[in-house]
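Summary of structural features
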Amino acid sequence: MLLICSRRFEEHVTPPGHPERLERAHVFNSVAQRWVQAGGRTAAARPATREELSRVHDPGYIDGIEGIAGRAVKIDEDTYTSPESVEIADLAAGGVVQAAEHALNSREPAFALVRPPGHHAERDRAMGFCLYNNVAVAAAAARARGVARVAIVDIDVHHGNGSQWMFYDDPSVLYVSSHQFPFYPGTGAADELGTGDGRGFTVNVPLEAGANDADYVLAYSQLVVPVLDQFAPELTIVSAGYDAHQMDPLASMRMSSDGYGVIVAAVASVAVSHGALALATEGGYDLNALEACLEASFAAIQGRVAAAYPDPATPAPRGERAIAAVRAAQAEFWRL
Ligand SMILES: [Zn+2]
């Protein structure tokens, strides 16, 4: 696995008390340093090009973001910039494109440690700490170079509204998300399943607050992995948000870092059986949990985490209810 990183990610500064804070970049730096000390390789993130951004964002929106370069701006109640933020957002999007390109070129997985996150950013709107939709930019870059089927698997505790809407009518980009529901940003119900030719290529797995490792393992083994296996993506990009961890200050899930390792292992295994695998950070706001989850994910991608199967003796009522809802909504599209 290759890590894509940059010390510059600490230059995107948010107001005091903001959860998406520069110290998250210090976590990225320390895990990258350990990675190198253990013999791993890294590459420096490069900025996204205007052409890459404009595949998923409106030109007028990109102009607007470029127009606030050099300034500290409050875009909405959650989303802020500092003078360097526009350059850093370019690096975040470019870093994920790089990860996808590396994975496609070499068949070696790549993980981009980037901020600000991206999955809430819509075609013409910044929101939820996100300026550019990093993962969507990378998925569109892969499509532009001829990759037929791209899967985005969003393990962040929030629904990735931006990623969903950008590809909602597009059968070549599958969007699969597990998330706390109902919760911010309000989207992600099981019956949001795409439109037109894209019907069935959005798969939402809404989980009630309090879902734990057993619920997630059940939902991933019964829903996410089978959908991915049937779609057979040439490239899978994981929106790797770690805010479903029990220590996270924003959400109400009860996942452990080991649980994250197990679901990343499950996704990585089916992804590499069909094609290339890239990952990119999204949320995750408890710094210790973020670090532990990244380490667990690295181990999982390298095959050092055993696939866990649902234990019939462990109750997983939230997982069961999610499975019932998704099976009902997606019955005509997937064998689940
Ligand atoms: Zn999140």
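Relevant structure appears above.
Cut-offs used in this document
Residues numbered from 1 in each chain as written. Predicted model: local features only at pLDDT ≥ 70, side-chain atom pairs only at ≥ 80, totals over all residues. Heavy atoms only, no water. Pairing = 2+ DSSP bridges. Helix = DSSP H or I, 4+ residues; strand = E, 2+ residues; numbered from the N terminus. Axes fitted to C-alpha atoms, helices over the stretch in contact; angles between N-to-C directions. Contact = heavy atoms within 4.5 Å. Donors = N, O, S within 2.8 Å, 3.2 Å for Na, K, Ca; no water. Tetrahedral: all angles 85-135°; square planar, octahedral: opposite > 155°, others 65-115°. Buried < 20%, exposed > 50% of the residue type's maximum accessible area, 1.4 Å probe, protein only. Phe/Tyr/Trp six-rings, centres within 6.5 Å; stacked < 30°, edge-to-face > 60°. Left-handed = near helix turned anticlockwise from the far one by under 90°. Expected span 1.5 Å × (residues − 1). Parallel < 35°, antiparallel > 145°, perpendicular 65-115°, else oblique. Right-handed = clockwise from strand over helix to strand, strands pointing away. Polar contact = N/O pair within 3.5 Å; in protein donor to acceptor, adjacent residues only side chain to side chain.

1. Quick word on the sheet that holds strand 10 (residues 276-281)
Sheet architecture is open: eight strands sit in the order 2-1-5-10-9-6-7-8, paired in parallel fashion. The open sheet is flanked by strand 2 (41-44) and strand 8 (202-207), the only strands paired with a single partner. The sheet shows a mean angle of 15° between the axes of neighbouring strands, taken without regard to direction. Note: strand 9 (residues 235-240) against strand 10, six bridges, orientation parallel. Across the sheet, A240 pairs through a bridge with T281, a residue of strand 10. The strands touched by helix 8 (residues 257-274) within the sheet are strand 6 (150-154), strand 9 and strand 10, with strand 10 carrying the most contacts at an inclination of about 145°.

2. Some details on the coordination of the zinc ion
Four donors placed tetrahedrally about a metal ideally form angles of 109.5 degrees, and six donors placed octahedrally ideally form angles of 90 or 180 degrees. Those donors, D156 (OD), D156 (OD), H158 (ND1) and D243 (OD), are the protein atoms that reach the zinc ion, and they lie 2.0 to 2.7 Å from it. Taken together, the four donor atoms coordinating the zinc ion span angles of 52 to 153° at the metal, a pattern that classifies the geometry as irregular. Of the residues examined, H158 reaches a relative accessible area of 7% and is grouped as buried.

3. So, the packing of aromatic side chains
Given two aromatic rings, one states the distance between the centres and the angle between the planes to describe the pair. Scanning the entire structure with this criterion turns up nine aromatic pairs. Arranged with centres 5.9 Å apart and planes meeting at 80°, the rings of F201 and W334 form a pair that is edge-to-face. Taken together, the residues F201 in the loop between strand 7 (173-180) and strand 8 and W334 in the segment after helix 10 (317-330) connect sequence positions 133 residues apart. Look at W334 and you get buried, because its relative accessible area is 9%. An aromatic cluster is present here, built from W35, F111 and F298 joined pairwise through their rings.

4. Some words on unusual backbone geometry
Look at the link from F181 to P182: it is a cis peptide, with omega at -5°. Positionally, P182 belongs in the loop between strand 7 and strand 8. Y184 connects to P185 through a cis peptide bond whose omega is 5°. Turning to its location among the elements, P185 is positioned in the loop between strand 7 and strand 8.

5. Here we look at the packing of helix 1 (residues 23-37) against helix 9 (residues 287-301)
One way to put it is that helix 1 packs onto helix 9 with a least axis distance of 10 Å and a crossing angle of 35°. In the packing of helix 1 onto helix 9, the handedness of the crossing is right-handed. Only L287, L290, E291, L294, E295 and F298 of helix 9 make contact with helix 1, whose side of the interface consists of E23, R24, V27, F28, S30, V31, R34 and W35.

6. Here's the deal with the environment of V203
On the secondary structure map, V203 appears in strand 8. Taking the relative accessible area as the measure of exposure, V203 reaches 1% and is therefore buried. For V203 and L223, which are 20 residues apart along the polypeptide, the C-alpha to C-alpha distance reads 9.0 Å. Aside from chain neighbours lying at most four places away, what touches V203 is L174, Y175, V176, S177, V227, V326, Q330 and W334.

7. Concerning helix 4 (residues 85-106)
When the terminal C-alpha atoms of helix 4 are compared, their 31 Å separation across 22 residues agrees well with the 32 Å that a helix rising 1.5 Å per residue should span. With 18 of 22 residues buried, helix 4 lies mostly within the body of the structure.

8. Re the packing of helix 7 (residues 213-231) against helix 10
Two elements in contact, helix 7 and helix 10, have axes whose closest approach is 7 Å; the angle formed by their N-to-C orientations is 25°. One way to sum up the angle between helix 7 and helix 10 is to call them roughly parallel. As for the relative orientation of helix 7 and helix 10, their crossing is right-handed in sense. Of the residues in helix 10, those touching helix 7 at D215, L218, A219, Q222 and L223 are P317, R318, G319, E320, A322, I323, V326 and R327.

9. Considerations on the pairing of strand 7
Along a regular strand, successive side chains alternate from one face of the sheet to the other. Counting buried positions over the eight residues of strand 7 gives eight, a clear majority of the element. Here strand 7 shows no split at all, with V173, Y175, S177 and H179 on one side and L174, V176, S178 and Q180 on the other all buried. Here five bridges tie strand 6 to strand 7, and the two strands are oriented parallel to one another. In the sheet register, V150 faces strand 7, and the bridge partner there is V173. Regarding topology, helix 6 (residues 161-166) serves as the crossover connection from strand 6 to the parallel strand 7, and that connection is right-handed.

10. A short note on the side chain of H12
Structurally, H12 is set in the loop between strand 1 (2-5) and helix 1. Given the relative accessible area of 2%, H12 is considered buried. Here H12 is in contact with E20, L22, Y80, S82, S85, I88, R115 and P116, once residues within four sequence places are set aside.

11. Observations regarding the environment of H119
Position of H119 relative to the elements: it lies in the loop between strand 5 (110-112) and helix 5 (134-144). Each C-alpha atom of the pair H119 and A276 lies 20 Å from the other, and the pair is 157 residues apart in sequence. At a separation of 3.4 Å, a polar atom in the side chain of H119 contacts the side chain of H120. Within the local environment of H119, its side chain forms a polar contact with the side chain of D154, the two groups lying 2.7 Å apart.

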